[in-house]
Amino acid sequence: MVRTYEEAVAWIHGRLRLGIKPGLKRMEWMMEQLGHPERRVRAVHIGGTNGKGSTVAYLRSILQAAGYSVGTFTSPYVEQFNERISINGEPIRDEEIVELVQTIKPLADELEQTELGGPTEFEVITAMMLDYFGKKNIQDIVLIEVGLGGRLDSTNIIYPLLSVITNVSYDHMNILGDTLDQIAAEKAGIIKSGVPLVTAVNEPEAWDVIAKTAAERKAKTYRLGVDFTVTDWKTIAEGEQFSLATPFAEYRDLRIQMPGAHQVDNAAVAVMAAELLRLGYSFLIEPEHIADGLATAAWPGRFERVSGKPLIILDGAHNEAGIRALVETVRAHYPDKRVHVLFAALTDKPLERMIQLLDELADTITFTTFDFPRAAAAEQLADLSTHQQKATVLQWEKWIREQASRLTERDLLLITGSLYFISEVKKGMR
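Residues numbered from 1 in each chain as written. Predicted model: local features only at pLDDT ≥ 70, side-chain atom pairs only at ≥ 80, totals over all residues. Heavy atoms only, no water.

Per an unreviewed UniProt entry, the protein carries the name Dihydrofolate synthase/folylpolyglutamate synthase and comes from Geobacillus zalihae. According to the UniProt record, the Subunit (unreviewed entry) comment for the protein is "Monomer." Word for word, the UniProt comment on the protein under Cofactor (unreviewed entry) is "Mg(2+)". (UniProt positions renumbered as here; feature names shortened; annotations may be inferred.)

A. Representation of the packing of helix H14 (residues 396–406) against helix H15 (residues 419–429) within the structure. The geometry of H14 relative to H15 is characterised by a closest axis approach of 11 Å and an angle of 60 degrees between their N-to-C directions. Crossing handedness for the pair H14 and H15: right-handed. On the side of H14, the interface is formed by Trp-396, Glu-397 and Ile-400, while H15 contributes Phe-421, Glu-424, Val-425, Gly-428 and Met-429. Classifying every residue of the contact of H14 with H15 gives 5 nonpolar, 1 polar and 2 charged. (Axes fitted to C-alpha atoms, helices over the stretch in contact; angles between N-to-C directions. Helix = DSSP H or I, 4+ residues; strand = E, 2+ residues; numbered from the N terminus. Left-handed = near helix turned anticlockwise from the far one by under 90°. Contact = heavy atoms within 4.5 Å. Nonpolar A, V, L, I, M, F, W, Y, C, P; charged D, E, K, R; others polar.)

B. Focus on the side chain of Arg-60. Within the secondary structure layout, Arg-60 lies in helix H3 (residues 52–65). For Arg-60, which is buried and forms no salt bridge, the nearest opposite charge comes from Glu-90, at a distance of 7.8 Å. (Buried < 20%, exposed > 50% of the residue type's maximum accessible area, 1.4 Å probe, protein only. Lys, Arg positive; Asp, Glu negative; His and termini not counted. Salt bridge = Lys/Arg side-chain N within 4 Å of Asp/Glu carboxyl O.)

C. Region of the structure containing the pairing of strand E17 (residues 411–417). In terms of residue burial, E17 counts as a mostly covered element, since 7 of its 7 residues are buried. Alternating positions in E17 separate into two faces, Asp-411, Leu-413, Ile-415 and Gly-417 on one and Leu-412, Leu-414 and Thr-416 on the other, with burial throughout. In this structure, strand E13 (residues 311–315) lies alongside E17, joined through 5 bridges in parallel fashion. When the bridges of E17 are listed, Ile-313 appears paired with Leu-414. (Pairing = 2+ DSSP bridges.)

D. Molecular detail of the UniProt feature "domain: Mur ligase C-terminal" (unreviewed entry) in the protein. On the UniProt side, "domain: Mur ligase C-terminal" (unreviewed entry) is annotated at positions that read residues 301–418 here. The distance from the first to the last C-alpha atom of residues 301–418 is 10 Å, and the span holds 35% helix and 25% strand.

E. Region of interest: helix H9 (residues 261–281). For H9, with 21 residues, the first-to-last C-alpha span of 30 Å sits near the 30 Å given by 1.5 Å per residue. In the stretch just after H9, Ser-282 is the one whose phi turns positive, near 60 degrees. (Expected span 1.5 Å × (residues − 1).)

F. Quick peek at the sheet that holds strand E12 (residues 304–307). Sheet architecture is open: 6 strands sit in the order E12-E13-E17-E14-E15-E16, paired in mixed fashion. Since the sheet does not close on itself, it has two edges, and those belong to E12 and strand E16 (390–392), each with one partner. Sheet twist, expressed as the mean angle between neighbouring strand axes with direction ignored, is 25 degrees. Each of E13, strand E14 (338–344) and E17 touches helix H11 (residues 320–333); the most contacted strand, E17, lies at about 165 degrees to it. Packed onto the sheet, H14 meets E13, E14, strand E15 (364–367) and E17 and runs at close to 160 degrees relative to E17.

The following block contains the structure:
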């Protein structure tokens with residue numbers, strides 16, 4: 001019997017040995033045993049390659065500004081495991097994690113004896129979240145982030161009020177396929193019959209798949225750049241400023257504090273989603289809630305300035321599109337800085353293309369590794385770099401301290417790569 005928080009988290013992480021097993025059969029079995037809590041969750045389902053977490057943050061912040069109690073389900077966590085299941089941005093308590101594991105573990109043990117096999121780590125956490133928000137602590141609304149892909153993701157057991165697909169680019173190709181239309185087909189799996197879809201997908205081959213699926217399922221689609229558009233976008237000292245026209249309203253001079261053109265897209269998608277909640281489901285969301293919500297939204301590990309003097313930024317850019325957005329953001333906000341990059345990543349990423357982009361940005365680039373099953377070796381990363389000023393380091397905590405003491409006004413230390421690495425760095429900087 002699991003009695004302590006440490007035992008509970010150890011049991012959950014122990015499920016990692018089962019890897020990723022796409023499919024909904026195990027989830028359906030667990031939901032049946034639990035009395036279908038997923039049917040009592042009013043949800044927005046948020047998928048896409050990049051920007052899911054930031055879009056959740058913007059939409060949550062808008063809904064909170066309007067006075068709603070908002071549950072979120074996100075991954076991975078940055079500072080503590082409990083973040084994955086949160087209410088109004090506050091992780092649930094350790095005791096609640098223990099209670100949820102005490103409910104789910106017997107089911108997992110029973111499932112292990114069937115031909116379906118035991119549930120994976122992510123399936124267990126998803127079941128915990130649905131049990132929590134469907135039975136133990138029902139919220140006004142829950143924002144549920146897809147774990148991987150969409151069609152066969154364990155979160156796809158829900159029937160949401162709205163679906164969101166932020167964008168489609170290359171990631172997890174070993175599971176989702178190696179062409180954009182294959183990846184888009186997996187993402188499009190979250191589109192439900194008659195449920196409105198908000199998206200910022202713009203790559204033609206990905207869009208064709210999304211549009212076809214939405215048409216087949218009679219899901220009214222709102223697409224960024226076509227149905228709702230950003231205008232007057234400009235970079236400001238504290239982030240970005242832009243205006244937004246939707247089919248229902250116009251918003252002038254909205255501001256966000258997370259820098260980057262990609263964050264403007266994420267914020268625009270969140271505003272469109274908030275409008276559909278207002279119009280379709282009678283959520284009382286006023287223009288000032290939208291402006292205030294966007295202005296206060298923050299998300300750890302996304303272009304996060306952890307120190308001003310010396311200037312240190314953390315960013316979990318863990319695939320090619322993420323790195324490209326990061327490079328553009330650094331150039332827009334810090335064009336005159338000498339950029340020193342520290343990079344660590346997982347082996348199942350398009351590392352060569354990611355490192356090539358960082359090589360072009362960096363004045364110096366240092367590669368490291370960290371304690372995680374799929375972490376790439378520092379030397380393996382360095383071999384892919386053509387930078388004249390490249391190095392490897394194993395004791396990255398010591399290296400960061402030494403670098404920070406040497407940085408001048410002209411320097412920027414950019415720590416990037418896997419979100420799991422960023423999580424370790426944040427722990428080390430506390």
